[in-house]
Number of protein chains: 4
Amino acid sequence: MIYFDCDYMAGGHPEVMNRLNETNLLHTSGYGTDEFTHDAEKLILDECGIPEGKVYFMVGGTQTNAVVIDRLLSRNDGVIATETAHISVHEAGAIELSGHKILTLPESDGKLTAVAVDAYMTSFFADETNAHMVRPAMVYISFPTELGTVYSREELQSLYDVCGKWGMPLYIDGARLAYGLAVKDNGLTIKDIAHLCDVFYIGGTKCGALFGEAVVTRRPELLPRFFSLMKMHGAVLAKGRLLGVQFQTLFKNGLYSEIGRKAVELALRLKRGFMEKGLTPYIDSPTNQQFFILPNDTIELLRRNASFELWGPPGETESIVRFVTDWTTTEADCDAIIGLLPD
Amino acid sequence: MIYFDCDYMAGGHPEVMNRLNETNLLHTSGYGTDEFTHDAEKLILDECGIPEGKVYFMVGGTQTNAVVIDRLLSRNDGVIATETAHISVHEAGAIELSGHKILTLPESDGKLTAVAVDAYMTSFFADETNAHMVRPAMVYISFPTELGTVYSREELQSLYDVCGKWGMPLYIDGARLAYGLAVKDNGLTIKDIAHLCDVFYIGGTKCGALFGEAVVTRRPELLPRFFSLMKMHGAVLAKGRLLGVQFQTLFKNGLYSEIGRKAVELALRLKRGFMEKGLTPYIDSPTNQQFFILPNDTIELLRRNASFELWGPPGETESIVRFVTDWTTTEADCDAIIGLLPD
Amino acid sequence: MIYFDCDYMAGGHPEVMNRLNETNLLHTSGYGTDEFTHDAEKLILDECGIPEGKVYFMVGGTQTNAVVIDRLLSRNDGVIATETAHISVHEAGAIELSGHKILTLPESDGKLTAVAVDAYMTSFFADETNAHMVRPAMVYISFPTELGTVYSREELQSLYDVCGKWGMPLYIDGARLAYGLAVKDNGLTIKDIAHLCDVFYIGGTKCGALFGEAVVTRRPELLPRFFSLMKMHGAVLAKGRLLGVQFQTLFKNGLYSEIGRKAVELALRLKRGFMEKGLTPYIDSPTNQQFFILPNDTIELLRRNASFELWGPPGETESIVRFVTDWTTTEADCDAIIGLLPD
Amino acid sequence: MIYFDCDYMAGGHPEVMNRLNETNLLHTSGYGTDEFTHDAEKLILDECGIPEGKVYFMVGGTQTNAVVIDRLLSRNDGVIATETAHISVHEAGAIELSGHKILTLPESDGKLTAVAVDAYMTSFFADETNAHMVRPAMVYISFPTELGTVYSREELQSLYDVCGKWGMPLYIDGARLAYGLAVKDNGLTIKDIAHLCDVFYIGGTKCGALFGEAVVTRRPELLPRFFSLMKMHGAVLAKGRLLGVQFQTLFKNGLYSEIGRKAVELALRLKRGFMEKGLTPYIDSPTNQQFFILPNDTIELLRRNASFELWGPPGETESIVRFVTDWTTTEADCDAIIGLLPD
């Protein structure tokens, strides 16, 4: 079976596992106060070009989003996001659990536009009854988006400018950041990301780690008493060094970039192969998630040898499917699934 | 350096690590829907003698307590616990984050008594103004307690009877369950625990796992839509099989019991050694945490070669210290620290 | 100045005030345990034809919605409402404060349709990932709607049937119930309302009371320990009898109906007058709120002698305005404002 | 029957009712934007000697405490209070509903001491694990206390100094403020109160108003976007002017003080009478609540003609009872109940 279901189906990248094994018997202090964690933080801040910044490690994406958003918002504030944002649809109400409303705006190719945010803010503050409404006080986007698309430098800059204009922090969910950074002609580096938002997280779980996400900010004053808030949300790992060891490995010799680069290369190989067989992408994604509209019998055919997910409900004659690559994907996997397609 | 600080200073037990390594490259479905997780659940339920029960795996103790308590309580309910309960003191307000009050009662050797609970309930329901008060609706205890003590079968049975009398579930925090079960003359097995409460969790993090806790109930109807609630609390691991693999290993050939047994044996060895040197235990603990009142200069002396924690603020001439053993502790470690004591 | 701004600009209906004055010096027990409150409850249940039902009195609409919804939902449940629902837009996040997501659906003339709800539920339960989503578990509508429209008997019956099909309670926000019941050709009585939903509230604040809302249910088992939850939400009035006295007055001799009837009659008089002057209603409302699209210079003209609100942002040449009648409105008021319109 | 049950058994003081009646038919804008409310605010700030301060009106005490505390605390903060504090015992979990822990300290005559708070803070910040604990971030007291006692100027000054030392706001629940201010030899004026804390509320419900409480602060920056938070908590009254009219009346010609003065005078008359009959006060209260330990047969005797409450559970031969005076109490009432006592 060839696996294209998702990027969290296997364990950790071999180098990550090696390092966890090597360090397994060491005794260190708990809760992220160890040297591995300090070193991982330093590596990340250096790569981001923000030596005065701060990094916090958590276990998973939903908890990371919940804690960060809970800190950035005051009690009676809401967060702006797209209608299909992960926090709005697939996190089971984790943001509302902390009492915050998600204020959704329409999207464009999975992306939030600076124009839409600006219009919303203008209209909110023009409304004389707005004290009866939830105040929009931060913006959430993901990079790449749920649809695999990425913001260009100009789009991100505009969005960040609009956030600045209205005094709101911009937060980027980077669950799949490695793949977004690997989009060649987009030219956004992790350093750019670190400077084009206020807080973001570097996804580990879907990008080579066994598990773990790293929240990064170049404005630590935005996240006061953050460790304590993480603890309150049940988001602190007793053996915190497990996160430190993993991110240290991912960021020591460019492993994180390499994982992203290779998976995207393979995703594009798959995309080209599908298109050469005359199939239509559902959306033009440059990252490790590829979406195609396939005839249902083709889907059935592929499923004999490959595993992948439908995107939304099945259609009568054709359906949208998603193929995801990661560090376990090989050229052979891609070629094999392309080979299964009817001519 | 010899380490007696805590039971989460090293990584995972070698057998656990081996199994994680062996299964690392396999592709499985996410969120605990894999075979490892199913198998781990089955092993646990069998050992507990509750084949119709249900097991849920989470990453850490605070999140486990928060999610379980949030499910067992209705909105305007509170949880009874001792004044020093972990949930009341050291979880940064995780229970209150979900809107629930912790109703604290005095303790006896770290334990909650059936008599105290019964008196509290009687008084609550006798109070005509109790609709203005938070209704006590469940009981939380830990086994072993924060002070390393354990409930006897009679104590636990009485407590469970009182809970039943008042229609409240009893929940046991088993962060260090392995050590509590290893107390020989107490004679409580995991099967007993499973039948003397409604929900409990088997601590992995402090008992040999790399991380992870297993919530167990023989009354699954008490935890409806629990996975979804876990997700809402950010307590679901994408690569859920990591938890399945670990608990499968811990429960396949009695490893969990063995880890508990050995650590307690060493803790008692240490305790005997200290007592033979004329030192006084702060409390008579039969588990892997030992508390001693030591002269401050003895503490200073020991610290040159051993690492351990003060329990509470330092005293003027003597202080309480805690020594914790786990699967990394050796006989040599115990003998060495005893050897450091002045005669 | 003639006032058409809103239905809460004056105090209480003279009969309500008289009764408050008459009873002012009496000593009664607090928190709604007095005879006035019991009597008011009985009068309401009788009029609703549900003698086995239950009534709870609160002070205002937002708190009423927050407490009822918080009780009807379990922690990880959400409430379905229209995109323009009062709870979603103008209650400052009161529902989210309790941790619940509002799941919004498009509306038709301000109304939620049975078809839309059914489609949403079907799609939710067909989605294999729905454990990662907020479960829709109740439906909120208002009667009349924010736009003054009312559900027909058939529409309400269909909606309630769909709720029944999916096992969800239907809750009706009746902030302006008196006016909705006064729509002649709709033919829905308060008895019908009581039987076509699970819980509803009878708005007092906007319908003749000094303040106060009465939550009514013919299924008291849906609102367990409701007084205590009200208290937890800060929604209990110490001098509870103030609410009892008011609702007793409103429901003793048909005053509530009469207030609705008269205000709607005057609203329709105003509507006819405006239409005879060639003006276009923004929506065809049969209740005490009338919406017209007026040229901006006409608006300016009217404002010299009358007070009313714009509905949404002003347009360049014309804008939508709202005129609201209540028990203080007179025929002369209506005729006067019509008289101000240019021919 | 003579009533000494509580100070919320009758309606509003006649002057308050007169003013509500006189203004009943006026049309004003809603939500406290009217002239009555502005004027009431000004009167209060003038009397408090803090013209740059701010006043917010709410309906009841529990909601007032919940909203103020929710604003003064950040998410992961707790509030210090005594073990018997109203917010901890008799508000049904309203503070926890917003996610905040109440950190209780032992009391002295119902009062919190500066020494206890200082010791608690010192110990909290000395504890190296305090990031795992709820940070104490404000202090709640009531004036008078639940037991009718009052803080002396020195006690209050010390407490406020300690709060200042630790950077925490001090909040005073003044549900019965009028009676506390009427304690002659204590010499604390409302101006003193306003300057010896950061936020306090002037109780209306128990001190002559029909209902209503006025939150006062001389540091408005501590309560940002407070109206919106009130709305979120369902604590905004549509006909906000009802609160303005009442407090305007209470503060225009010293009515509030007069109500307090007279009730306390009568309470002391009752106290003297009881003591002259050889009865023992349970606590030496100088305000409108008097507590006596009475033989059960005396209680039975009194109950034939008077109404009052037991304080706590009944004793075998004697019990604690509470007598409360207010603006409805007369000298005759006091003399009558004293006359009922056996010699």
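For every chain, the first residue of the written sequence is number 1, and numbering continues from 1 along that sequence. Here every chain gets a letter starting at A, and every ligand a number starting at 1, in the order they are written. For a predicted model such as this one, the threshold for reporting local features is a pLDDT of at least 70, and the threshold for listing and counting side-chain atom pairs is 80 or more; totals across whole chains, interfaces and linings nevertheless cover every residue. Side-chain measures were taken over the full set of non-hydrogen atoms in the model, leaving aside hydrogen atoms and water.

**What to know about the interface of chain A and chain D**
Which entries qualify depends on this criterion: It only takes one pair of heavy atoms within 4.5 Å for two residues to be counted as in contact. Here's the idea: put two parts together, see how much 1.4 Å probe accessible area each one loses, and the total over both is what we call buried area. A carboxyl oxygen of Asp or Glu within 4 Å of a side-chain nitrogen of Lys or Arg is what we treat as a salt bridge. Numbered from the N terminus, helices here are DSSP runs of H or I no shorter than four residues, and strands are runs of E no shorter than two. Residues are grouped as follows: nonpolar covers Ala, Val, Leu, Ile, Met, Phe, Trp, Tyr, Cys and Pro; charged covers Asp, Glu, Lys and Arg; every other residue, Gly included, is treated as polar.
At the interface, 20 residues of chain A touch 20 residues of chain D. Both sides together, the interface formed by chain A and chain D hides about 1,800 Å², and carbon and sulfur atoms give 45% of it. For chain A, the biggest contributors to the area lost against chain D are R75, N76 and R225 of chain A; these three give 39% of the whole. Applying the counting criterion to the chain A and chain D interface returns four salt bridges. Here D77 of chain A and R225 of chain D are joined by a salt bridge, their closest N and O atoms 2.3 Å apart. For the side of chain A that touches chain D, the secondary-structure elements that each account for two or more residues are α3 (61–72) and α10 (226–232) of chain A. With five residues, the top contributor of residues to the side of chain A that touches chain D is α10 of chain A. Grouping the amino acids of the side of chain A that touches chain D by side-chain chemistry returns six nonpolar, seven polar and seven charged.

**Here's the deal with the sheet that holds strand β3 (residues 77–82) of chain C**
In a beta sheet, neighbouring strands pair by backbone hydrogen bonds and run either parallel or antiparallel. All names here are of chain C. Put simply, the test is: At least two DSSP bridges between two strands are required for those strands to pair. Axis lines are fitted through C-alpha atoms, for helices just across the contact stretch, and the angle between N-to-C directions can take any value from 0 to 180 degrees.
Spatial ordering of the open sheet is given by β2-β8-β7-β6-β5-β3-β4, a layout of seven strands whose pairing is mixed. Looking at strand neighbours, the two that pair on one side only are β2 (54–58) and β4 (102–105), the edges of this open sheet. Strand-to-strand, the axes of this sheet are offset by a mean angle of 25°, without reference to chain direction. Pairing analysis gives four bridges linking strand β6 (residues 170–174) to strand β7 (residues 199–203), with the strands arranged parallel. Across the sheet, Y171 pairs through a bridge with V199, a residue of β7. Along the sheet, helix α7 (residues 153–165) contacts β5 (135–142) and β6; its crossing angle with β6, the most-contacted strand, is approximately 140°. Sitting on the sheet, helix α11 (residues 241–252) is in contact with β2, β7 and β8 (213–217), with an inclination near 120° to β2.

**Observations concerning the packing of aromatic side chains**
All names here are of chain A. Put simply, the test is: The rule is short: rings of Phe, Tyr and Trp, with Trp giving its six-membered ring, pair when the centres are within 6.5 Å, and they are stacked under 30 degrees, edge-to-face over 60, tilted in between. Definition used: whenever NZ (Lys) or CZ (Arg) falls within 6 Å of the ring centre and also within 35 degrees of the ring normal, the charge is taken to sit over that ring.
For the structure shown, the criterion picks out 53 aromatic pairs over all chains. Note that K54 overlies the ring of Y56, its terminal NZ or CZ placed 5.1 Å from the centroid. Positioned above the aromatic ring of F308 is the side chain of R303, whose terminal nitrogen or guanidinium carbon lies 5.2 Å from the ring centre.

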